[in-house]
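Descriptive structure summary
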Amino acid sequence: MLVHVYPAEELTCRAAAFLFAAQLTQKPDSVFGFATGSTPIPCYKDLISFYEQGLLDFSQVISFNLDEYCGIAQDHPSSYHRFMHENLFSHINIPKENIHIPNSMGVDACERYDKAIEQAGGIDLQLLGIGKNGHIGFNEPDDAFSCGTHIVKLTESTIAANARFFKDEKDVPRTAISMGISSIMACHSIVLIATGESKAKAVYDTLNGPINPHVPASILRLHPNATFLLDQDAASML
Ligand code: GLP
């Protein structure tokens, strides 16, 4: 596992964009795993800029997103579908049919998502943020690590943290669909970005505490090709 600490948020996210750019340059039909949240936005801005400059071509890329809320429409202002289109997909040349975002509709929604990842040959490079409680995707602290894509009950701390994206905390969905810990660990490479002091404790517990499901991100220490990109604030407790 690699850990890099950068002097500023912008540089931390640019380092992640470089990893995506290198992967795409070496494999034009890369399978990318994307994440939502405020953290990756500067990385997506850089990828858009690289595309606009003619450095990157996303025409053969296949993408899978980590998670989505249950019970809100795809075009809801706070859906992750909407977020990804506004912050990345509508600005690059990835074909619409190559984009996959979990959708909780249908009894076999989770199995179908896992099958689609498998059929694409697995995820080459997965981007992750981290929740203040150490969650990745929507894999919340629990007594056991989750397996494949599954429906999750969000914790009060995640609901409170994500309320900023909704009009009111009561509007935040209580459940979500998320790729599981096994799905994440099966990705060939992983890059986790953490920026800001509010992530310092989660980063400390992830890298220094015991590997355990109460800090879901801690399992990444067992991944053969995981890179942590931190700004100084997120690394301040290390
Ligand atoms: C959400 C997402 C996660 C993300 C986390 C942190 O819960 N499901 O994938 O990593 O929030 O978000 P932020 O980057 O806004 O702190």
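For clarity, every value in this text was computed on a predicted model and none was experimentally measured.

Criteria and cut-off values
Residues numbered from 1 in each chain as written. Predicted model: local features only at pLDDT ≥ 70, side-chain atom pairs only at ≥ 80, totals over all residues. Heavy atoms only, no water. Helix = DSSP H or I, 4+ residues; strand = E, 2+ residues; numbered from the N terminus. Rg over C-alpha atoms; globule rule 2.2 N^0.38 Å. Buried < 20%, exposed > 50% of the residue type's maximum accessible area, 1.4 Å probe, protein only. Contact = heavy atoms within 4.5 Å. Salt bridge = Lys/Arg side-chain N within 4 Å of Asp/Glu carboxyl O. Arc of directions from axis to C-beta. Polar contact = N/O pair within 3.5 Å; in protein donor to acceptor, adjacent residues only side chain to side chain.

Summing up its helical and strand segments, the protein chain has seven helices and ten strands in all. The C-alpha radius of gyration of the protein chain comes to 16 Å, within 12% of the 18 Å expected for a compact globule of 238 residues. Along the three orthogonal principal directions, the C-alpha set of the protein chain runs to about 45 × 40 × 35 Å. Residue burial in the protein chain is summarised as follows: out of 238 residues, 55% are buried. In the protein chain, 79% of the contacts between residues at least 6 apart in sequence involve partners at least 24 apart.

So, about the pattern of salt bridges. Applying the stated criterion across every chain, the model contains seven salt bridges. Put simply, E10 and R14 hold a salt bridge, and the shortest N to O gap is 3.3 Å. Taken together, the residues E10 and R14, both in helix 1 (residues 9-26) and four residues apart, mark about one turn of the helix. According to the relative accessible area criterion, E10 is partly exposed, its value standing at 49%. One salt-bridge network, in which partners are shared between bridges, spans E10, R14 and D46.

Before going further, it helps to spend a moment on helix 3 (residues 80-87). Residues Y80, H81, F83 and M84 constitute the buried set of helix 3. The buried residues of helix 3 all sit within an arc of 165° when viewed along its axis, so they share a single face. Buried residues along helix 3 sit against strand 2 (31-34), helix 2 (41-52), strand 3 (62-65), strand 4 (67-69) and helix 5 (156-162). The backbone nitrogen of H81 has a side-chain oxygen 3.4 Å away, supplied by the residue at the start of helix 3, namely S79.

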